[in-house]
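Structure at a glance
Here are the chains, one letter per residue:
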Amino acid sequence: MALGRFVSGLAANKLHSWKIIHISEGVLAIALLILLFSPTTIIAAIGLFLIGFGNGPMFPNFNYLTPENFGEENSVAIIGVQMAFASISSMSVPVICGLLGQFMGMWIFPIYLLLFFVLIVFETVRMHGIKKNN
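Now for a quick tour of the structure. (Residues numbered from 1 in each chain as written. Predicted model: local features only at pLDDT ≥ 70, side-chain atom pairs only at ≥ 80, totals over all residues. Heavy atoms only, no water.)

**Section: the overall build of the chain**
Quick note on the threshold: Secondary structure elements are taken from DSSP: a helix is a run of H or I of four residues or more, a strand is a run of E of two residues or more, and numbering for both begins at the N terminus. The classification of residues rests on relative accessible area computed with a 1.4 Å probe and restricted to protein chains. Under 20% of the type maximum is buried, over 50% is exposed, and intermediate values are partly exposed. Throughout, a contact is declared for two residues whenever any of their heavy atoms are within 4.5 Å. Methods summary: accessible areas were calculated by the Shrake-Rupley approach with a probe of 1.4 Å, and residue burial reflects only the protein chains presented.
When helices and strands are tallied, the chain shows seven helices and zero strands. If you list the helices and strands of the chain from N to C, you get α-α-α-α-α-α-α. Along the longest, intermediate and shortest principal axes, the C-alpha atoms of the chain span 45 × 30 × 25 Å. Within the chain, the fraction of its 134 residues that count as buried is 28%. When contacts within the chain are restricted to residue pairs at least 6 apart in sequence, those whose partners lie at least 24 apart make up 66%. Split by element, the accessible area of the chain, about 8700 Å² in all, is 75% carbon and sulfur.

**A few points about the pattern of salt bridges**
Convention followed: Whenever Lys or Arg places a side-chain nitrogen within 4 Å of a carboxyl oxygen from Asp or Glu, that contact is recorded as a salt bridge.
Overall, the coordinates contain one salt bridge when judged by the stated rule. For glutamate 123, the salt bridge goes to arginine 126, with nearest N and O atoms at 2.9 Å. Residue glutamate 123 and its partner arginine 126 are both found in helix H7 (residues 108-133); the two are separated by three residues, about one turn of the helix. Taking the relative accessible area as the measure of exposure, glutamate 123 reaches 30% and is therefore partly exposed.

**A look at the nonpolar core**
Defined as follows: Only buried Ala, Val, Leu, Ile, Met, Phe, Trp, Tyr and Cys residues count toward a nonpolar core, and they belong to the same one when joined by side-chain atoms within 4.5 Å.
Counting 13 residues, the largest nonpolar core has Trp18, Ile21, Leu28 and Ile51 as its most contacted members. Elements represented by at least two residues in this core include exactly helix H2 (17-36), helix H3 (41-55) and H7. Looking at this core, the element that brings in the most residues is H2, giving six residues. The residues touching tryptophan 18, leaving out its near neighbours within four places in the chain, are Phe62, Leu65, Glu68, Asn69, Thr124, Met127, His128 and Lys131.

**A short note on the packing of H2 against H7**
Which entries qualify depends on this criterion: The convention used is that axes are lines fitted to C-alpha atoms, helices contributing only their stretch in contact, and that angles between N-to-C directions extend from 0 to 180 degrees. Oblique is the label for every angle not falling under 35 degrees (roughly parallel), over 145 degrees (roughly antiparallel), or within 65 to 115 degrees (roughly perpendicular). With the far helix as reference, a near helix turned anticlockwise by less than a right angle produces a left-handed crossing, and one turned clockwise produces a right-handed crossing. We call Asp, Glu, Lys and Arg charged. Ala, Val, Leu, Ile, Met, Phe, Trp, Tyr, Cys and Pro are nonpolar, and the rest, Gly among them, are polar.
Where H2 contacts H7, the axes come no closer than 10 Å and their chain directions differ by 155 degrees. On the basis of their axis angle, the class for H2 and H7 is roughly antiparallel. Handedness of the H2/H7 crossing: left-handed. Note on element contacts: H7 touches H2 through Phe109, Pro110, Leu113, Leu114, Phe117, Ile120, Val121, Thr124, Met127, His128 and Lys131, opposite Trp18, Ile21, His22, Glu25, Leu28, Ala29, Leu32, Leu35 and Leu36. For the contact of H2 with H7, a count of residues per class yields 15 nonpolar, three polar and two charged.

**Considerations on helix H6 (residues 72-104)**
As a reminder of what qualifies: Between the first and last residue of a helix there are one fewer steps than residues, each counted as 1.5 Å, and that sum is the expected span.
Between its terminal C-alpha atoms H6 stretches 45 Å, which fits the 48 Å expected from 33 residues at 1.5 Å a residue. All of the buried residues in H6 are Ser75, Gln82, Cys97 and Gly101. As for H6, its buried residues are in contact with helix H4 (58-64), helix H5 (66-70) and H7. Phi for glycine 105, located one or two positions after H6, is positive at around 115 degrees.

The structure is reproduced here in structure tokens:
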């Protein structure tokens, strides 16, 4: 994640935050495919690395876009909500996955990640639709 954020910071001079987010989503898609269909543990480890690399730039870029997406006057309150939900989700999402893995098996892990990937892509597309209509 740290390497993904570092590379994203270097790219920020040339690319808009939305472009970085879309590239990150592409990296995540490739990483999930690698993880879902990995024949060896080494390839699965590469997939996990790419998941961290792709996820790294997402949160900072979404935060950076908050004034653009919600207006300067609302951005402080919205960033506070983003920070709160990030903290809650970083504590609860791994626990839920662990409980599911304990009862169903850890084969659920890539599918669990895939569900969150679909959710973030859906919400990114929805946000673009809202911005276009406004």
